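This is what each chain is made of:
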Amino acid sequence: MQMLTLDKFEEASEKVKEVTLETKLVYSDFLSEQTGNKVYLKPENMQFTGAYKVRGAYYKISTLTETERKKGLITASAGNHAQGVAYAAKCYGCKAVIVMPTTTPLIKVNRTKSYGAEVVLCGDVYDEACQKAYELAEEKGYTFIHPFDDLAVATGQGTIAMEIFKELPLVEYILVPIGGGGLATGVSTLAKLLNPKASFKAGKVTTLPSVNTIADGTAVKTPGSKIFPYIKKNLDDIITVEDDELVVAFLDMVENHKMIVENSGLLTVAALKHLGVKDKRVVSILSGGNMDVITMSSVVQQGLIFRDRIFTVSVLLPDKPGELSKVAATIAAEQGNVIKLEHNQFVSTNRNAAVELRITLECFGTDHKNQIIKALEKNGYKPKLVRASL
């Protein structure tokens with residue numbers, strides 16, 4: 001059965017409406033001002049399963065025979081495809097077995113189970129979990145649903161582009177996160193069918209020795225070989241993003257759009273500053289929002305530190321009454337907010353000469369931080385910035 005054709009994209013677009021919520025584009029004043037473009041967000045993090053993956057899973061299962069479905073379904077996933085398959089299988093009344101890396105966030109594991117799927121935890125990254133899923137499929141006779149290297153799955157994911165073009169026909173750039181490549185394949189292929197201007201410069205499919213990133217949803221060592229020809233043909237470019245940029249992007253989305261977007265979904269937000277264009281209509285696909293609260297807490301704290309809204313300063317004081325209150329008064333006069341104090345009496349053998357006070361402060365940003373440091377210097381201290389830790 002031929003996939004990734006305009007007819008199949010249209011068929012898939014109608015089919016996925018049975019299980020997806022309407023995720024209308026959101027115009028971002030903040031990101032538009034920051035980048036000099038007209039930036040729109042495609043909030044797939046608002047889907048019922050918390051991510052776009054239900055599109056490809058549901059469409060793929062719809063193309064299976066009744067016999068294939070009755071065998072039971074199995075897949076491997078870092079979380080979002082797992083929920084998509086589990087939910088789609090529940091809709092079709094099929095058994096679903098999901099193999100997930102042991103590093104998968106708890107929220108994704110629990111939600112996958114909540115849809116009635118059996119979860120098996122195996123391996124540190126997707127590729128190891130996938131190998132286990134293939135073994136179980138062979139042993140038990142399950143029908144394997146690949147999370148990205150499947151043309152029917154990619155066709156289902158590409159329905160996002162259909163919705164984008166219907167809402168914003170003059171869109172000039174679509175930013176899509178890429179790990180295995182299923183979403184990028186579907187979106188870029190349909191985009192070229194609807195507006196054939198794409199070009200791509202890249203090499204061959206590469207297997208990385210290891211994957212270490214906070215964007216767990218795109219932590220894939222080997223992209224799909226079946227879909228790679230489509231990626232090579234239809235993508236304009238691939239932009240790489242550092243983990244630190246995702247941390248700041250998370251903070252921006254929470255504060256300016258009141259949205260929780262997982263790290264993989266933030267790739268398209270962080271990539272905006274690397275696009276190198278102005279006055280263009282740009283859509284960033286927010287692929288998912290399934291993030292556990294512990295990770296969320298850590299990312300928020302790191303984001304505040306990166307933005308100089310939390311910092312730690314070390315000062316040396318004589319070990320005598322009243323010195324701490326003098327430092328506190330200096331900080332208070334500059335509207336700094338102390339959130340943590342560490343007092344070290346053993347920094348010097350002569351405690352009368354010096355003890356160390358490490359002060360972690362909350363402020364309004366870089367300018368305010370510098371203002372507080374200058375005030376400490378003016379009052380005779382020699383503040384030294386140190387790595388902040390909460």
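Please read all numbers here as calculations on a predicted model, not as lab measurements.

What counts and how
Residues numbered from 1 in each chain as written. Predicted model: local features only at pLDDT ≥ 70, side-chain atom pairs only at ≥ 80, totals over all residues. Heavy atoms only, no water. Helix = DSSP H or I, 4+ residues; strand = E, 2+ residues; numbered from the N terminus. Buried < 20%, exposed > 50% of the residue type's maximum accessible area, 1.4 Å probe, protein only. Contact = heavy atoms within 4.5 Å. pLDDT = per-residue confidence, 0-100. Axes fitted to C-alpha atoms, helices over the stretch in contact; angles between N-to-C directions. Parallel < 35°, antiparallel > 145°, perpendicular 65-115°, else oblique. Nonpolar A, V, L, I, M, F, W, Y, C, P; charged D, E, K, R; others polar. Pairing = 2+ DSSP bridges.

1. Considerations on the side chain of Thr189
With respect to the helices, strands and loops of the structure, Thr189 is situated in helix H10 (residues 182–194). The class for Thr189 is buried, based on a relative accessible area of 6%. In contact with Thr189, not counting residues within four places along its chain, are Leu4, Phe9, Ala184, Tyr230 and Asn234.

2. Describing the confidence of the model for the chain
For residues with low pLDDT, the predicted coordinates do not support detailed interpretation. Looking at the chain, pLDDT values average 89 and 91% of them are 70 or higher. Scored below 50 in pLDDT, residues 198–219 makes 57 contacts in the model with residues more than four places away or belonging to other chains.

3. Quick look at the packing of helix H1 (residues 6–16) against helix H3 (residues 54–62)
It is at 10 Å that the axes of H1 and H3 come closest, and there the two elements cross at 105°. On the basis of the axis angle, H1 is roughly perpendicular to H3. Here Lys8, Glu11, Ala12, Lys15 and Val16 of H1 lie close against H3, whose contacting residues are Arg55, Tyr58, Tyr59 and Ser62. Taken together, the residues of the contact of H1 with H3 sort by class into four nonpolar, one polar and four charged.

4. Some thoughts on the sheet that holds strand S8 (residues 281–286)
In any sheet, the strands associate via hydrogen bonds between backbone groups, in a parallel or an antiparallel arrangement. If you walk across this open sheet you meet the four strands as S1-S2-S8-S7, and the pairing is mixed. Across the chains shown, the open sheet's two edge strands, defined by having one partner strand only, are strand S1 (26–27) and strand S7 (173–175).

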